[in-house]
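# Structural characterization, general
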Amino acid sequence: MYAQMVKTGVSAVKTREEMSEQERAFQARIDAGEKIEPKDWMPDEYRKTLIRQIGQHAHSEVVGQLPEGNWITRAPTLERKAILLAKVQDEAGHGLYLYCAAETLGISRDEMIEMLHAGKMKYSSIFNYPTLNWADIGAIGWLVDGAAIMNQVPLQRTSYGPYSRAMIRICKEESFHQRQGYDIMMKMAAGSPEQKAMAQDALNRFWYPSLMMFGPSDKESVHSAQSMAWKIKINTNDELRQKFVDQTVPQAEYLGLKVPDEALRWNEDKGGYDFSEPDWNEFFEVLRGNGPCNRDRMRARVKAWEDGAWFREGLLAHGEKRAARRLKTAA
Ligand code: FAQ
């Protein structure tokens, strides 16, 4: 029921000759670095790609609360609990900004949520992995938020105005999230041998799923070429993955932890690390709905949506009552 469709094959980008006059004018605005705003003309495919990407991003923020929410009641200190609670609330806020940005493209939040629940929209693969112990919360902040920032900082310059503006605020908050994760890892890596082993184990389990967050390799990426031509995406999946590895390996070394990759080496010529690819079969299986937690995550989201129906109805009824009262007073 929750299986997600997986497309393969790289999409072709229209040449200038193949574009209509309207499309050429649109592309010229993109090339000049102008922002596209909701009421501007845009090709249908540009609109669809944005709804897909922003919607998927919004769903990821919301589903992404589940693995961490699992640890709010079990955080080791009151301070850690308060920090984690604030972070999880931030993720809900990010989901809201992003749903609002997607709504400016002519789709409602309810429609997007229905599509998610029907397996017609995706959320990030990473949230289909379990959080088994407290060190995993450190690894999520350090690696998952670290990967999210790497992807999202360039998205502040994306061509669609509402998405770009949402990303500016989100990035500020994500950088606090990344630091809180690294702070947990520093405490654990410098703690007892058992704590250090937990930190290493969390790095072992989250390393490759974090590399998968950037999407398939460029040669398998269906949407990259067109999305980059439209400046929806600023970098390719592989470029961002490389930057993430280059940034994260020294952080692991500082912690005294070992990245679980025997092939990891500094490559002087390219000025970056050579590293092993994640298991792409596992990635596509997760996308098909067969990851360790896909079913649990969707069950939890659907339940939350159904349990919240009375509240949404109550809010609507309250809004209608207030509007009617305002009309009566004005008459
Ligand atoms: N998971 O052609 P491409 C966060 C799909 S936010 C699932 O390369 P594209 C905050 C892709 O949709 C994390 N599906 O696709 C947080 C497409 O399938 P479709 C989310 C994936 O769009 C932290 C197919 O594979 N961030 O973590 C994934 O050009 C901690 C082919 O792929 C964003 O969404 C994946 N990892 O590039 C919250 C950022 N990768 O749609 C709580 C915005 C690929 O045709 C706690 N999104 N697919 O059926 C993007 O930058 C892009 O959409 C990419 C994928 C880079 C994710």
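This text goes with the structure placed above it.
Here the structure is a predicted model, which is why all the values come from computation and not from measurement. All residue numbers refer to positions counted from 1 along the written sequence of the respective chain. Totals for whole chains, interfaces and linings use every residue, but because this is a predicted model, local features are given only for residues with pLDDT of at least 70 and side-chain atom pairs only at 80 or more, for both listing and counting. Here the side-chain values reflect all heavy atoms present in the structure, with hydrogen atoms and water set aside.

## A few points about unusual backbone geometry
What counts here: By the criteria applied, helices consist of DSSP H or I runs no shorter than four residues and strands consist of E runs no shorter than two, each listed in order from the N terminus. Throughout this description, buried means an accessible area under 20% of the type-specific maximum (1.4 Å probe, protein chains only), exposed means over 50%, and partly exposed covers the range between.
Backbone geometry at Lys231 places phi at a positive 55°, although glycine is not the residue there. Position of Lys231 relative to the elements: it lies in the loop between helix H9 (224–229) and helix H10 (237–255). With a relative accessible area of 30%, Lys231 lands in the partly exposed category.

## Describing helix H8 (residues 193–212)
Our working definition: Multiplying 1.5 Å by the helix residue count minus one yields the expected span of that helix. What we call the bend at a residue is the angle made by axes fitted to the seven residues finishing there and the seven residues starting there. Note on contacts: a residue pair qualifies if any of its non-hydrogen atoms lie within 4.5 Å across the two residues.
Here H8 spans 30 Å end to end across 20 residues, near enough to the 28 Å set by a 1.5 Å rise per residue. Of all the bends in H8, the greatest, near 35°, is centred on Phe206, and the proline Pro209 appears no more than four residues after it. Within the span of H8, buried status applies to Ala199, Gln200, Ala202, Leu203, Phe206, Trp207, Pro209, Ser210, Leu211 and Met212. Of the surrounding secondary structure, the elements contacted by the buried residues of H8 are helix H6 (134–155), helix H7 (161–189), H10 and helix H11 (280–290).

## As for the side chain of His59
Structurally, His59 is set in helix H2 (residues 44–63). His59 gets classed as buried once you look at its relative accessible area, which sits at 0%.

## Some thoughts on the packing of H8 against H10
Which entries qualify depends on this criterion: Interaxial angle, 0 to 180 degrees, is taken between N-to-C directions of lines fitted to C-alpha atoms, where a helix line uses only the stretch in contact. Roughly parallel means an angle under 35 degrees; roughly antiparallel, over 145; roughly perpendicular, 65 to 115; everything else is oblique. Only Asp, Glu, Lys and Arg are considered charged, only Ala, Val, Leu, Ile, Met, Phe, Trp, Tyr, Cys and Pro nonpolar, and every remaining residue, Gly among them, polar.
Packing of H8 against H10 brings their axes to within 13 Å, and their N-to-C directions diverge by 175°. Here H8 is positioned roughly antiparallel relative to H10, judged by the angle of their axes. Counted together, Lys196, Leu203, Trp207, Ser210 and Leu211 of H8 and Arg241, Phe244, Val245, Thr248, Val249, Ala252 and Leu255 of H10 form the full contact between these two elements. Residues that form the contact of H8 with H10 fall into these classes: eight nonpolar, two polar and two charged.

## Description of the site of the ligand
Rules: The rule for a residue being near a molecule or strand is that one of its heavy atoms must lie within 4 Å of it. The term polar contact refers here to a pair of N or O atoms within 3.5 Å; inside protein, the definition further demands a hydrogen-donor-capable atom paired with an acceptor-capable atom, and it admits residues adjacent in sequence only when both atoms are side-chain atoms.
Around the ligand sit 37 residues, and of these Lys122, Ser221, His223, Lys233 and Asn237 come closest. The contact in question runs from an oxygen atom of the ligand to an N or O atom on the side chain of Lys122, over 2.5 Å. The contact in question runs from a nitrogen atom of the ligand to an N or O atom on the backbone of Met213, over 3.3 Å. Listed by contribution, the elements that provide at least two residues to the shell around the ligand are H2, helix H4 (78–103), H6, H7 and H11.

## Comments concerning the pattern of salt bridges
Our working definition: By convention in these notes, a salt bridge is any Lys or Arg side-chain nitrogen within 4 Å of a carboxyl oxygen on Asp or Glu.
Tallying each qualifying case throughout the model produces 18 salt bridges. Ionic pairing is found between Lys87 and Asp145, a salt bridge with its closest N-O pair at 2.9 Å. Taken together, the residues span a long stretch of sequence, with Lys87 in helix H4 and Asp145 in helix H6 at a distance of 58 residues. Comparing Lys87 with Asp145 shows no difference in burial state: the two are buried. As a salt-bridge pair, Arg169 and Glu173 come within 3.7 Å of each other at their nearest N and O atoms. Of this pair, Arg169 and Glu173 are both found in helix H7, four residues apart, which corresponds to roughly one turn of the helix. We classify Glu173 as buried; its relative accessible area is 18%. Through salt bridges that share partners, Glu68, Lys87, Glu91 and Asp145 make up one connected network.

## Some remarks on the environment of Met188
By the element assignment, Met188 lies in helix H7. Judged by its relative accessible area of 5%, Met188 falls in the buried class.

## Observations regarding the state of the cysteines
Note the threshold: Our working definition of a disulfide is a cysteine sulfur pair at a distance within 2.5 Å.
Tallying each qualifying case throughout the model produces zero disulfides. With no disulfide of its own, Cys100 lies 18 Å from the sulfur of Cys171, the closest cysteine sulfur. For Cys100, a relative accessible area of 44% translates into the label partly exposed.

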